[in-house]
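The chain contents come next:
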Amino acid sequence: QVQLVESGGGLVQPGGSLRLSCAASRSIFSINTMGWYRQAPGKERELVATITSGGISNYADSVKGRCTISRDNAKDTVDLQMNNLKPEDTAVYYCNAQTRLFTYWGRGTQVTVSS
């Protein structure tokens, strides 16, 4: 089992940047895929970005070129750097860990993009 705790959310103006961080309660070295998802009000949860244990990343089309996911197996953290934020990026952002058998979620951190 692994607990995930997100941090770094907040209120930012359009065009601004935020860096989200996810801290795991145990080593993530063996976790197949770590990722970030988001859920806006009235919408389903959607993928933002994932990164495998081998460092291969995948991004939603809506954030390509604006977001970078990174993984630090020594610190057991997964970060999401978000640049050029848009109002449509407003959502609760959730950290995700996908093992061979189980899926784990954090409680989320709110990101609000507004002037």
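Look above for the structure.
A short tour of the structure in this document, coming up. (Residues numbered from 1 in each chain as written. Predicted model: local features only at pLDDT ≥ 70, side-chain atom pairs only at ≥ 80, totals over all residues. Heavy atoms only, no water.)

**Focus on the overall build of the chain**
Logical step 1: Counting its secondary structure elements, the chain contains zero helices and eleven strands.
Logical step 2: Listing every helix and strand of the chain by position from the N terminus yields β-β-β-β-β-β-β-β-β-β-β.
Logical step 3: Here the C-alpha radius of gyration of the chain, 13 Å, is about what a compact globule of 115 residues would show, namely 13 Å.
Logical step 4: Projected onto its principal axes, the C-alpha positions of the chain cover 40 × 25 × 20 Å.
Logical step 5: Of all 115 residues assigned to the chain, the portion counted as buried reaches 43%.
Logical step 6: Counting only contacts in the chain whose residues sit at least 6 apart along the sequence, the fraction spanning at least 24 positions is 55%.
Logical step 7: Per element, the accessible surface of the chain, about 6,200 Å² overall, is 48% carbon and sulfur.
Logical step 8: Put simply, the chain has 12 plus and 9 minus side-chain charges, and the middle of one group is 3 Å from the middle of the other. (Helix = DSSP H or I, 4+ residues; strand = E, 2+ residues; numbered from the N terminus. Rg over C-alpha atoms; globule rule 2.2 N^0.38 Å. Buried < 20%, exposed > 50% of the residue type's maximum accessible area, 1.4 Å probe, protein only. Contact = heavy atoms within 4.5 Å. Areas by Shrake-Rupley, 256 points an atom, 1.4 Å probe, with all protein chains shown as cover. Lys, Arg positive; Asp, Glu negative; His and termini not counted. Charge placed at Lys NZ, Arg CZ, Asp CG, Glu CD.)

**Thoughts on the pattern of salt bridges**
Logical step 1: Applying the stated criterion across every chain yields a total of five salt bridges.
Logical step 2: Glu 46 serves as the salt-bridge partner of Arg 38, at 2.7 Å between the closest nitrogen and oxygen.
Logical step 3: By relative accessible area, Glu 46 is classed as partly exposed at 37%.
Logical step 4: One salt-bridge network, held together by shared partners, links Arg 38, Glu 46, Arg 66 and Asp 89. (Salt bridge = Lys/Arg side-chain N within 4 Å of Asp/Glu carboxyl O.)

Limitation: the analysis is restricted to geometry and does not speak to function.
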